[in-house]
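Descriptive analysis of the structure
These are the residues of each chain, in order.
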Amino acid sequence: MTATTIESDAGTQDVPSSEVRRDMYRLMVEIRHFEKRWMRIFNSGKTGPGHSSIGMEAIAAAFGTLLGEGDKTYATYRGHAHTLARGVPMNETMAELLGRATGLNGGKGGSMHLTSVDHGMMGSYAIIGAHLPVATGAALASKYKGEDTVTVCFFGDGTTNIGAFHEAINLAAIWSLPVIFVCENNQYMEYTPIRDVTAVDRPAADRAASYGLPAIEVDGNDPDLLHAAASAAIERARAGQGPSLIEAVTYRHLGHASADPGKYRPQEEIDEWIGRDPVPMYKARLVEAGVPAEDLDEMEQQIIQRVEQAADFALASPLPAVDTLMTNVWANGDSSWRR
Amino acid sequence: MTYRAAVTRAIQQEMRHDDRVFLIGEDVAKPGGVFKTTGGLLDEFGPRRVMDTPISEQAIIGAAMGAASSGLRPIAEMMFADFVLVAQDLVSNQIAKSSYMTNGQLPLPLVIRFNAGGGLRFGAQHSQSVENWLMAIPGLKVVAPSTPADVIGLMAAAVRDPDPVMFVEHKGLLSSKGEVPDGDIVDELGKAKVVREGRDATIVAVGMMVGRALKAAEFLAADGVDCQVIDVRSLVPLDTTTILEAVRSTGRLITVEENPRLCGWGAEICSIVVEEIFSSLTAAPVRITTPHIPLPHAGVLEDAAIPSVDRIMETVRGAYARV
C-alpha cells in the first residue's frame with residue numbers, strides 16, 4: 001500500500017500564500033461565530049436541532065478557498081460549515097436553520113438539508129452515506145460534459161462502514177471521476193467511538209487501497225496541511241486522474257447534535273482536543289508569520305457583527321406561508337399527482 | 001414490433017434526440033441487457049453514453065441523481081424491479097424529496113427503468129410488482145406501459161419530463177407484439193386510455209393485466225356483459241378524469257392489478273371513485289389482486305396467485321350476481 005501520509009509539520013509543506021491563509025482564517029472565524037450564535041438561538045428554544053462543526057472548521061475552510069464556480073460541494077447533516085465555506089450568505093443560511101421563509105430552502109430544508117445550487121452547495125444529506133453516490137454522479141456529469149469542474153464530498157467517519165461509501169468510491173475509481181471524498185474523522189460515530197466499531201485503525205485511509213487509491217491522512221485541525229492535501233487532490237481530479245479519498249482527523253467540541261452534551265467522551269480527551277482548537281492555533285501561527293494581531297481581531301469583530309446581523313435577519317424573518325406546504329414536489333412548482 | 005424491441009427503440013430515439021441522455025446499469029452495454037432490451041445501443045452511442053456498471057445499485061441510482069442535478073438526463077436500469085429496493089434510500093429519501101426539500105432548487109429529470117411482474121417462474125425476489133409502493137412516495141412519477149407503442153411514447157415523455165420517473169416494464173410482456181408507427185413517438189404522462197368501449201362495467205388495469213382484462217372483456221361480451229377497459233398507463237400523475245368519466249357511464253368499477261392486495265393501487269382508485277362519484281355507482285367497486293403473499297416459484301402456484309383471464313371473468317360475473 002502506498003502511504004502518502006501528510007505529516008503534522010507545517011514547516012515542511014509549501015505554505016499557502018498569505019492571502020489564502022487569511023481567507024482560511026476568515027472562513028474559520030465565520031463558521032465558529034455563526035455556529036455559536038446559532039447554538040444560543042437553539043438553547044433559547046427558538047429553533048429545532050442541528051449539528052455543529054465547532055472544532056472542525058479548518059476542513060471546510062481549506063476546501064472553501066480552493067473551490068470555484070462550477071465546482072460542487074456535497075455535505076452531511078453537519079453541513080453549516082461547508083455551506084458558509086462556499087460563500088453562501090449567512091443571512092439566508094441562518095434563516096433556513098430557523099425555518100424562515102427567507103431561508104435558502106424557504107424553510108423546507110432546515111439545518112440538515114442546506115442547499116444553494118447557485119453557490120455550488122448541492123445539498124446536505126441526513127442519511128449516512130447517501131450523498132457519496134450522488135457526488136459521484138455530479139463528477140460523472142463533469143466528465144461527460146468535458147468540464148474541468150470538481151466535486152467535493154464531505155462525510156463523517158461513521159459513513160465508512162456504510163455500503164454506499166464503498167459502492168461510490170469504486171465507481172468513481174473505475175471511471176476516473178473528478179471527485180474528492182473527504183472523511184471528517186471526528187472520532188465519534190454519533191455516540192460511539194469509531195475505533196470500537198471499525199476493523200481498521202484509520203476508517204477511511206486504511207480502506208483507500210481497496211480502490212487503488214493512496215492512503216491520505218491529514219491533521220484536520222491544520223488549515224495549511226489541509227490546503228496542501230486538498231490542492232493535490234483537486235489538481236489530480238482536474239487533470240482527469242480520478243478520485244481521491246482524504247481522511248482528516250479532527251474532533252467536535254460539542255456533542256453529536258445540539259441537544260447532546262457529549263458526556264460519553266473522557267474529559268482528558270476533550271481537554272486535549274480543545275487545547276488543539278484550530279481557530280486560536282491558526283491565529284497564533286498567522287501572528288507568528290507576521291500578520292498583525294490587531295488586523296485579525298478587527299476581522300473577527302466585523303464577523304461577529306455580520307453574524308449578529310444574520311441572527312437579527314433570521315429572527316425577524318417571516319415564517320413560511322402555509323400555502324408553500326403544497327409547492328415544489330414537482331419541477332413545475334406544483335404537488336398534484338392527479339388530474 | 002415486440003415490447004422488447006420497443007424498449008430499445010425508445011431509448012435510442014431519446015438518445016438521438018438529446019445528447020444529455022445516457023444509459024447506465026448492470027449489463028446494459030456490451031451484453032445488451034439481461035432482458036435483451038438494450039442491444040446495439042453501445043455500438044451506436046459509444047461507451048460515453050452507454051455504460052456498464054458494477055453490481056452497485058446505490059451507486060447507479062446515486063450517479064443518476066448526481067448527473068441529473070448537473071444538467072444531464074440519465075436513464076438508469078435496475079434490471080429487476082426487486083433490485084430497486086436495494087437502492088430504495090436513494091429513490092425514496094433522496095431523489096423523491098429533492099425538489100421539495102430544496103424548495104424547487106433541485107428537481108431531478110431522470111428515469112429509473114426496470115422489469116417488474118411475475119409469470120415467468122422467477123420466484124419471490126425477481127417477480128414482484130412495485131408500482132403500488134413507488135406511487136405512495138411523494139415526488140416520484142410512475143409509468144407502466146402495456147404496449148410497444150406506449151413503451152416508446154411514454155419513455156419519451158419520461159425522459160423529457162423534468163421530474164424523476166419510475167418506468168415499469170413488464171417482463172411478461174417482452175415478447176408481446178403491437179403496431180408501432182414510424183418516426184418519433186412522444187406521448188404525455190398522466191393520460192389513461194380507454195382501450196375498449198363498453199356500457200356495463202369499467203375494468204381498470206395496468207401493465208400485463210391490461211391484456212388479460214381485454215381478453216376477459218371479449219369473453220364477457222359473448223355472455224352479454226359489455227365491459228369497458230381502461231389502461232391507466234401512468235399511475236402518477238393519475239388521470240382520474242378519464243377514470244371517473246368512464247365509471248360514471250357504466251356505474252361499475254373493477255380494478256385488476258398484480259400487487260398484493262393490501263395497499264394496492266386499486267384501493268386508491270376505488271377510494272377516489274367512491275368519494276367523488278358514489279351516487280353514480282350501481283354496485284360496490286371490486287378489486288382483483290394477488291393475495292397478500294410473496295410470489296411463489298412453482299407454475300401452478302404462481303398462476304393461482306396472479307389475476308388470470310378466468311379470475312377476471314369470474315369476478316365480474318360474481319359482481320353482477322351480487323347486484
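This one's a predicted model, so the numbers in the text were calculated from it and none came from an experiment.

About the cut-offs
- Residues numbered from 1 in each chain as written.
- Chains lettered and ligands numbered in written order.
- Predicted model: local features only at pLDDT ≥ 70, side-chain atom pairs only at ≥ 80, totals over all residues.
- Heavy atoms only, no water.
- Helix = DSSP H or I, 4+ residues; strand = E, 2+ residues; numbered from the N terminus.
- Rg over C-alpha atoms; globule rule 2.2 N^0.38 Å.
- Buried < 20%, exposed > 50% of the residue type's maximum accessible area, 1.4 Å probe, protein only.
- Contact = heavy atoms within 4.5 Å.
- Pairing = 2+ DSSP bridges.
- Core = buried A, V, L, I, M, F, W, Y, C linked by side-chain atoms within 4.5 Å.
- Buried area = accessible area lost by both parts, 1.4 Å probe.
- Salt bridge = Lys/Arg side-chain N within 4 Å of Asp/Glu carboxyl O.
- Axes fitted to C-alpha atoms, helices over the stretch in contact; angles between N-to-C directions.
- Parallel < 35°, antiparallel > 145°, perpendicular 65-115°, else oblique.
- Left-handed = near helix turned anticlockwise from the far one by under 90°.
- Disulfide = S-S within 2.5 Å.
- UniProt positions renumbered as here; feature names shortened; annotations may be inferred.
- Expected span 1.5 Å × (residues − 1).

**Some remarks on the overall build of chain B**
When helices and strands are tallied, chain B shows twelve helices and twelve strands. Taking 2.2 N^0.38 as the reference for a compact globule, 323 residues should give roughly 20 Å; the C-alpha atoms of chain B span a radius of gyration of 19 Å, in line with that estimate. Over its C-alpha atoms, taken along the principal directions, chain B stretches across nearly 60 × 45 × 40 Å. By residue count, 63% of the 323 residues in chain B fall in the buried class. Here the contacts in chain B between residues at least 6 apart in sequence split such that 80% fall between residues at least 24 apart.

**Notes on the pairing of strand β11 (residues 253–260) of chain B**
Residues and elements named next belong to chain B. In terms of burial, β11 is a largely internal element, seven of the eight residues being buried. Relative to β11, strand β8 (residues 201–205) is paired through four bridges, and the arrangement is parallel. Each bridged residue has a counterpart across the sheet, and for Val204 the counterpart in β11 is Thr255. Sheet topology places β11 next to strand β12 (residues 286–290); four bridges connect them, and they run parallel. Across the sheet, Ile254 pairs through a bridge with Val286, a residue of β12.

**Focus: the nonpolar core**
If you look at the biggest cluster of nonpolar residues, it comprises 86 residues, and the most contacted ones within it are Phe181 and Leu245 of chain A together with Ile112 and Phe114 of chain B. Phe181 of chain A has contacts with Leu132, Thr136, Cys153, Phe155, Ala168, Ile169, Ala172, Pro243, Ser244, Leu245 and Ile246 of chain A, leaving out every residue within four places of it along the chain. Among the nonpolar cores identified, the runner-up in size contains 61 residues, and Leu42, Phe45, Val151 and Val165 of chain B belong to it.

**Some words on the interface of chain B and chain A**
With 57 residues of chain B in contact, the opposing surface of chain A contributes 41 residues. Sorting the residues of chain B by area buried against chain A places Tyr100, Met101 and Gln105 of chain B first, and these three jointly supply 17% of that buried surface. Counting across the chain B and chain A interface gives two salt bridges. Two residues, Glu188 of chain B and Arg339 of chain A, come together in a salt bridge whose shortest N-O distance is 3.6 Å.

**Thoughts on the packing of helix α5 (residues 131–145) of chain A against helix α6 (residues 163–174) of chain A**
Residue and element names in this part refer to chain A. For the pair α5 and α6, the least separation of the axes is 8 Å and the interaxial angle reads 15 degrees. One element, α5, and the other, α6, form an angle in the roughly parallel class. In this structure, the crossing between α5 and α6 has a hand that is left-handed. In contact with Leu132, Pro133 and Thr136 of α5, α6 contributes Ala164, Phe165, Ala168, Leu171 and Ala172.

**Concerning the state of the cysteines**
Residue and element names in this part refer to chain B. In the structure shown here, the tally under the stated rule is zero disulfides over all chains. We note that Cys263 lacks a disulfide partner, and the nearest cysteine sulfur, in Cys270, lies 13 Å from it. For Cys263, a relative accessible area of 61% corresponds to the exposed category.

**Side note on the pattern of salt bridges**
Applying the stated rule across the entire model yields 34 salt bridges over all chains. Among the ionic pairs, Asp18 of chain B bridges to Arg20 of chain B, the shortest N-O distance being 2.8 Å.

**Comments concerning unusual backbone geometry**
Residues and elements named next belong to chain B. Pro237 follows Val236 through a cis peptide bond whose omega is -5 degrees. Among the secondary structure elements, Pro237 is positioned in the loop between β10 (234–236) and α9 (240–250). Positive phi values are uncommon outside glycine, yet Asp27 reaches one of about 65 degrees. Positive phi, normally seen in glycine, also occurs at Cys263, with a value near 60 degrees. Assignment of secondary structure puts Cys263 in the loop between β11 and α10 (265–277).

**Brief notes about the UniProt feature "domain: Dehydrogenase E1 component" (unreviewed entry) in chain A**
UniProt annotation of "domain: Dehydrogenase E1 component" (unreviewed entry) refers to residues 26–321 of chain A when read in the numbering used here. Annotated as 43% helix and 12% strand, the span residues 26–321 of chain A places its first and last C-alpha atoms 35 Å apart.

**Some words on the side chain of His131 of chain A**
Residue and element names in this part refer to chain A. Within the element layout of this structure, His131 appears in helix α5. For His131, a relative accessible area of 1% translates into the label buried. When neighbours within four sequence positions are excluded, His131 is seen to be in contact with Tyr74, Ala75, Thr76, Tyr125, Cys153, Phe154 and Phe155.

**A look at helix α1 (residues 18–43) of chain A**
When the terminal C-alpha atoms of α1 of chain A are compared, their 37 Å separation across 26 residues agrees well with the 38 Å that a helix rising 1.5 Å per residue should span. Where α1 of chain A terminates, the next one or two residues include Gly45 of chain A, which has phi positive at roughly 85 degrees.

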